[in-house]
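Spelled out from the first residue to the last, the chains are:
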Amino acid sequence: MMKRVVSLLVFVLLLNGCDDGNLTLETINFEDVATQSCSTNNIIYKMKEREALLLELPKTIFINEPTVLGTPTTVEIDNSLNRVVYRFYNGTVVADNICNTIPPALPIVTDQWTATSGKIQIITTTITAPGSIAGSTKITGYNHNIAFSNITFAKTNGTQVYENFPFGDYITSIIPLPFGFDKLVDQCPSSKQIYNYTSSEALTIDDIDPTLIVNVETPLNTPRTGLIGSSTNKLTYRLYNGLVTPSYFCTATVPTVPLISEEWNAVNGVAGVSGIIEVTTVKSGTSAFLHTIVIKNATLKKGNSSFKLGDVYTYGDLLTN
């Protein structure tokens, strides 16, 4: 009987000692750790105590343009350009251990898991903040939510697979559009384009409805109204990579210099709701008229990005004779 018990114990020990090549499931947990990035290379990382989760990915992958709902940016892990590595250290890890070309001698990497396959998925959204005008917004950056799908890590004595593995958010900041316009606007004599500009930007109204700018005073509290559209009253914001001057406007052919670096087009208006243009006209002197142009609840869009101009945005004053 004793021999049978001993044999059974030996058998159980042998079973426990067998290794099928896969480690017992271990959890990588960096949920509450902020994402950081290196300025000298393409590494985005999270670190805590003696652990670091590293993602090496070309920064050009992170485009400042929101992804379409349900269609994230997807990149294959190839252990070359697109790498994911999980490291253990024998001491407290710091940024220099990750970003420096020649990292400090300590702490030492004691173990490393290297991702051999899987997908990197990125969902990008805009980060907005309230603007200076009531109801307005400005884009301050883009949030890139990163997750791994069906990622396989090669370890020293086996592999580990995660079907869904959230990495976290990586934020790219941008300089908000300047919008440094004064309130005096001009109109081209032939095209009737109305434009406001500063040194590097312009806000124009093309193909304006001629009934909006008329040399007749408007009744008190009864402005002329129109809607922003794609064929008339087209509102466009342009940011240039150089100096823009009055000679840029009112030409038969749009100049090629300076180059347009960004172009935002207003969304078509909805009567009584959004994208409304209001013009109030008063007499100025003996023969001139002053037209104050106000834009209400307009949204400007570029690709999948958008921002709001404000509940009531004073476009400017146009003087006509």
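Residues numbered from 1 in each chain as written. Predicted model: local features only at pLDDT ≥ 70, side-chain atom pairs only at ≥ 80, totals over all residues. Heavy atoms only, no water.

**Let's talk about the nonpolar core**
- In terms of nonpolar packing, the biggest core is built from 27 residues, with Ile 194, Ile 213, Leu 235, Ile 293, Leu 300, Leu 309 and Tyr 315 touching the most fellow members.
- Those elements that provide at least two residues to this core are β7 (137-155), β11 (201-206), β13 (234-240), β14 (260-266), β15 (276-284), β16 (288-302) and β17 (305-320).
- At five residues, the largest contribution of residues to this core is made by β17.
- The residues touching Ile 213, leaving out its near neighbours within four places in the chain, are Gln 187, Ile 194, Ile 208, Val 279, His 291, Ile 293, Leu 318 and Thr 320.
- Ile 28, Ile 77, Phe 148 and Phe 165 belong to the second largest nonpolar core, which has 24 residues in total. (Core = buried A, V, L, I, M, F, W, Y, C linked by side-chain atoms within 4.5 Å. Buried < 20%, exposed > 50% of the residue type's maximum accessible area, 1.4 Å probe, protein only. Helix = DSSP H or I, 4+ residues; strand = E, 2+ residues; numbered from the N terminus. Contact = heavy atoms within 4.5 Å.)

**Structural notes on unusual backbone geometry**
- A cis amide bond, omega -5°, links Leu 106 with the succeeding residue Pro 107.
- The residue Pro 107 is located in the loop between α2 (96-99) and β6 (109-130) in this model.
- The peptide bond linking Val 257 to Pro 258 adopts the cis configuration, its omega dihedral lying at 0°.
- Summarising the element assignment, Pro 258 is placed in the loop between β13 and β14.

**A few points about the side chain of Thr 320**
- If you trace the backbone, Thr 320 turns up in strand β17.
- Exposure remark for Thr 320: the relative accessible area of 14% places this residue in the buried category.
- Here Asn 215 takes part through its side chain, which lies 2.5 Å from a polar atom of the side chain of Thr 320.
- Within the structure, Thr 320 has its side chain in polar contact with the side chain of His 291 (distance 2.7 Å).
- Contacts of Thr 320, omitting those with residues within four sequence positions, involve Gln 187, Ile 213, Asn 215, Ser 287, Ala 288, Phe 289 and His 291. (Polar contact = N/O pair within 3.5 Å; in protein donor to acceptor, adjacent residues only side chain to side chain.)

**Thoughts on the state of the cysteines**
- Counted by the stated rule, this structure contains two disulfides.
- Linked covalently through their sulfurs, Cys 38 and Cys 99 form a disulfide whose S-S length is 1.9 Å. Sign of the S-S torsion, about -75° for the bond between Cys 38 and Cys 99, identifies this disulfide as left-handed. In this pair, Cys 38 is assigned in the loop between β1 (36-37) and β2 (43-48) and Cys 99 in helix α2, connecting sequence segments 61 residues apart. Each member of the pair, Cys 38 as well as Cys 99, is classed as buried.
- One disulfide in the model links Cys 188 with Cys 250; its S-S distance is 2.0 Å. (Disulfide = S-S within 2.5 Å.)

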